[in-house]
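An overview of the molecular structure
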Amino acid sequence: MMNSDIITFFTLGVYKHQNLFSNDIYKSYVIEHLKLLEKTGVVKVYGFCIMPTHVNIIWKILKHPGSKEDMPHVNLMKMTSYKFLVHLRENHPSVLDRFWVDRFFQKIQFWQKSGVPQEINSTEELEHILNFIHQEPVQETRIEVTEAENYTYSSSRFYQTGLDEWGILSDYKTEFELEKEMV
């Protein structure tokens, strides 16, 4: 079980590395749920990047989860899976074939079973990971972007301009400055 007030980084991979997030509607479902988790005071999001086959997130859990199912990353996976399923059934039923894990029991899986959050222990480590996830779209050949801040589905622009177009981000530097003042 994960403690609250610990900053973590994790990657949620799409099942079988499918290109699910090449369609912006699925990215919007992830953003929508991050917004809900942030607005309800469950997490504070410091950074994210949604790539074609995975999602990277850096956040602090503010409310201690009661069980594994209540953990924010599990909740995010569960709620977005439901949205993906509804949208695909209504709009692209043939795409669902890529996500079947057991047709007999009618089991569909959108996320890989990995995705264990990794604790971040220092500002330097956080900055290194944040830089890595912000640069990932620049390195990805399927994404046509040459500057990290020009990739829409990332927190990079927020750290360049201070504008949070998603309404979900907190600047980690502000929080660390407050912690220094309190010591």
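Thresholds applied
- Residues numbered from 1 in each chain as written.
- Predicted model: local features only at pLDDT ≥ 70, side-chain atom pairs only at ≥ 80, totals over all residues.
- Heavy atoms only, no water.
- Axes fitted to C-alpha atoms, helices over the stretch in contact; angles between N-to-C directions.
- Helix = DSSP H or I, 4+ residues; strand = E, 2+ residues; numbered from the N terminus.
- Parallel < 35°, antiparallel > 145°, perpendicular 65-115°, else oblique.
- Left-handed = near helix turned anticlockwise from the far one by under 90°.
- Contact = heavy atoms within 4.5 Å.
- Nonpolar A, V, L, I, M, F, W, Y, C, P; charged D, E, K, R; others polar.
- Pairing = 2+ DSSP bridges.

Quick look at the packing of helix H1 (residues 24-39) against helix H2 (residues 72-91)
In contact at an axis separation of 10 Å, H1 and H2 are set at 140° when each is read in the N-to-C sense. Considering their axes alone, H1 and H2 lie oblique with respect to each other. Classified by chirality, the crossing of H2 by H1 is right-handed. Residue-level inspection shows Ile25, Tyr26, Tyr29, Val30, Glu32, His33, Leu34 and Leu37 of H1 in contact with H2, the latter providing Pro72, Asn75, Leu76, Met79, Thr80, Lys83, Phe84, His87 and Leu88. For the contact of H1 with H2, the class distribution of residues is 11 nonpolar, four polar and two charged.

So, the sheet that holds strand S6 (residues 118-119)
The antiparallel open sheet is built from four strands, whose spatial order is S2-S3-S1-S6. Strand pairing shows two members of the sheet lacking a second neighbour, strand S2 (43-50) and S6, which therefore form its edges. As paired elements, strand S1 (residues 7-13) and S6 share two bridges and run antiparallel to each other. Residue pairing for S6: Thr8 is matched across the bridge by Glu119. Docked against the sheet, H2 engages S1, S2 and strand S3 (54-61), running at close to 140° with respect to S3.

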